[in-house]
Amino acid sequence: MNDKDRIYIFDTTLRDGEQSPGASLDAKSKLEIARQLAELGVDVIEAGFPITSPGDAAAIRKIAEEVKGPTICALARTVQKDMDVALETLRGAKKSRLHVFIATSEIHRKYKLNKAKDEILKIAAWAVKYARNRIGEVEFSPEDASRTEPAFLYQVIQAVIEAGAGVVNIPDTVGYAVPFEFGNLIKGIFENVPNAGKAVISVHCHNDLGLAVANSLAAVRFGARQVECTLNGIGERAGNAALEEIVMALDTRKDVFKKVTRIRRDQICKTSRLVSSLTGMVVQPNKAVVGRNAFTHESGIHQDGLLKLRKTYEIMHPADVGFGETQLVLGKHSGRHALENRLKKLGYHLNEKELDLVFQDFKVLADKKKEVFDEDLVALIEKEIVATPKTYRLLSLSVLTQTGKEPRVSIRLKSKSRVLEAGGTGSGPVDAAYKTVDQMIRRKAKLLDYQIRSVTVGKDAQGEVTVKIEGLAGEVITGRGVSTDVIEASVHAYLDAINKLLQKRRTFKKERIAYGV
Ligand code: KIV
Ligand code: ZN
């Protein structure tokens with residue numbers, strides 16, 4: 001196969017994916033994910049949208065300096081300040097790309113930008129030229145392309161390619177397109193834009209109607225050569241096309257698509273888990289390719305078929321995507337070195353101090369739980385390393401429940417050097433614990449969602465609680481907690497969300513000062 005048969009995978013987990021409500025990532029988590037994306041073999045990492053915050057800019061700078069292999073890309077509006085900030089963050093990268101965008105559809109022109117077609121055309125070409133004079137690779141996106149009048153879209157594409165865009169990305173920004181129509185749009189571009197062959201045509205599909213992957217594949221069928229996607233399909237609103245589904249569809253149905261990617265498929269599940277654990281976005285069990293049930297056969301007829309010949313009911317082999325058996329890795333006699341090795345295999349590179357913390361927790365857990373699985377280790381890392389600075393830390397919790405009586409809890413928290421202590425009741429033990437915490441920290445967060453699942457199998461499995469809370473400014477924050485005691489896990493999750501909310505407010509204040517607003 002030659003290069004024309006190759007589909008470039010542009011991963012936007014760290015940019016569009018991070019725009020998922022409640023999924024914000026700190027710089028350290030972004031770097032961890034970027035390193036794993038490089039292992040996975042993506043062609044481009046869109047690391048962020050630097051003008052949105054100095055924190056995001058710093059994370060992109062670090063990724064550009066440290067992550068080798070993929071092209072590192074940053075997003076900017078067609079505004080000089082945006083582009084200058086983004087160009088600066090990319091300076092340390094070996095291979096870099098600036099991605100600029102402006103909306104082109106009538107509804108966006110009229111109601112959002114208040115600009116006429118010829119103004120948009122001029123700005124788009126000017127921005128691409130400006131960027132192209134400062135960086136080797138420029139990608140341009142006409143936002144809301146799928147709702148743009150085709151004739152105008154063709155004009156914009158022709159102009160930005162003339163101005164130097166090497167990649168033109170066609171976003172279905174609001175997930176409105178349907179596959180045959182989106183495929184035809186790509187076909188129309190090749191038929192009507194005279195210089196279309198000089199650029200890579202890319203697609204970026206949102207999943208509002210559940211069609212992001214289908215639309216992306218239809219576009220590939222008609223000549224798109226780059227697909228923008230995210231792990232687990234996370235992203236704005238209903239998310240983006242899921243990387244694992246795009247890659248496995250192209251691979252499983254190469255008889256139809258006749259295209260290849262450079263993705264190392266055996267890294268898919270590991271990357272999916274890392275993204276899920278660092279963003280706090282739980283993967284639904286029936287999610288294609290990476291969901292817990294993706295390779296589980298329940299029906300007796302299916303199981304019988306599988307035993308006779310796997311291919312009767314399995315179109316992909318779980319091992320191909322790194323969907324191993326839950327691995328029993330370590331026990332209470334395992335040492336620090338074994339733990340460090342295993343963590344590296346899971347994609348975590350800890351410094352000495354971090355490893356000490358996780359090792360301490362690991363020993364405590366191994367005493368309670370005979371078998372420590374990979375998922376347990378990921379949960380420990382999250383608790384000790386990824387967690388935000390802890391304004392409030394749980395020191396102890398006791399719970400008294402009795403049939404027919406309201407449960408009673410008593411809680412001790414540490415806040416800086418102070419120890420806070422209180423007790424309370426509620427309609428259930430979790431309700432009692434959350435009411436008591438609210439009273440102790442003298443603020444009330446609105447609980448939007450509470451979910452509990454077991455990290456691994458078995459009666460001694462750790463429980464993992466994920467909560468979503470809403471702050472006063474309407475911000476949605478996700479918190480996670482794990483413990484072999486589910487009420488304790490619930491309190492950890494709630495405090496994690498509150499600590500993140502407080503951290504976010506502190507960062508917001510600093511950013512307002514840095515940007516002079
Ligand atoms: O959905 C969209 O249109 C985008 C662009 C910035 C590419 O995310
Ligand atoms: Zn998008």
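Residues numbered from 1 in each chain as written. Chains lettered and ligands numbered in written order. Predicted model: local features only at pLDDT ≥ 70, side-chain atom pairs only at ≥ 80, totals over all residues. Heavy atoms only, no water.

**So, the domain arrangement of the protein chain**
Then, number 1: The domain boundaries assigned to the protein chain delineate domain 1 (3-279), domain 2 (300-384) and domain 3 (393-512).
Then, number 2: Relative to domain 2, the C-alpha centre of domain 1 lies at a distance of 32 Å.
Then, number 3: Every contact between the two is made by 13 residues of domain 1 and, on the other side, 16 residues of domain 2.
Then, number 4: Overall, the association of domain 1 and domain 2 removes approximately 1300 Å² of surface from exposure, summing both partners, and the carbon and sulfur fraction of that is 54%.
Then, number 5: Inspection of the region where domain 1 meets domain 2 yields one salt bridge.
Then, number 6: Residue Glu-354 pairs with Lys-28 through a salt bridge whose shortest N-O separation is 2.9 Å.
Then, number 7: Counting across the interface, domain 1 meets domain 2 through three residue pairs in polar contact (both at pLDDT 80 or more).
Then, number 8: Considering every element that reaches the side of domain 1 that touches domain 2, the biggest residue donor is helix H11 (residues 268-279), with five residues.
Then, number 9: Partitioning the side of domain 1 that touches domain 2 into residue classes produces four nonpolar, three polar and six charged. (Domains from an automatic or database assignment. Contact = heavy atoms within 4.5 Å. Buried area = accessible area lost by both parts, 1.4 Å probe. Salt bridge = Lys/Arg side-chain N within 4 Å of Asp/Glu carboxyl O. Polar contact = N/O pair within 3.5 Å; in protein donor to acceptor, adjacent residues only side chain to side chain. Helix = DSSP H or I, 4+ residues; strand = E, 2+ residues; numbered from the N terminus. Nonpolar A, V, L, I, M, F, W, Y, C, P; charged D, E, K, R; others polar.)

**Some points on the site of ligand 1**
Then, number 1: Arg-15, Asp-16, His-99, Phe-101, Ser-141, Glu-143, Asn-169, Pro-171, Thr-173, His-204 and His-206 make up every residue found near ligand 1.
Then, number 2: Thr-173 is positioned with one of its side-chain polar atoms (N or O) 2.6 Å from an oxygen atom of ligand 1.
Then, number 3: With the chains in place, 94% of the 270 Å² that ligand 1 exposes on its own is no longer accessible.
Then, number 4: At the level of elements, strand S4 (96-103), strand S5 (138-143) and strand S6 (167-172) are the ones that each hand at least two residues to the shell around ligand 1.
Then, number 5: Of the residues that constitute the shell around ligand 1, the class distribution is two nonpolar, six polar and three charged. (Near = heavy atom within 4 Å. Areas by Shrake-Rupley, 256 points an atom, 1.4 Å probe, with all protein chains shown as cover.)

**Observations regarding the pattern of salt bridges**
Then, number 1: Tallied over the full model, the rule gives 33 salt bridges.
Then, number 2: Across the pair Glu-191 and Lys-187 runs a salt bridge, and its minimum N-O distance is 3.6 Å. Placement of the pair is Glu-191 and Lys-187 together in helix H7 (residues 179-192), with a separation of four residues, close to one helical turn.
Then, number 3: Here the salt bridges do not stand alone but share partners, grouping Arg-15, Asp-16 and Glu-46 into one network.

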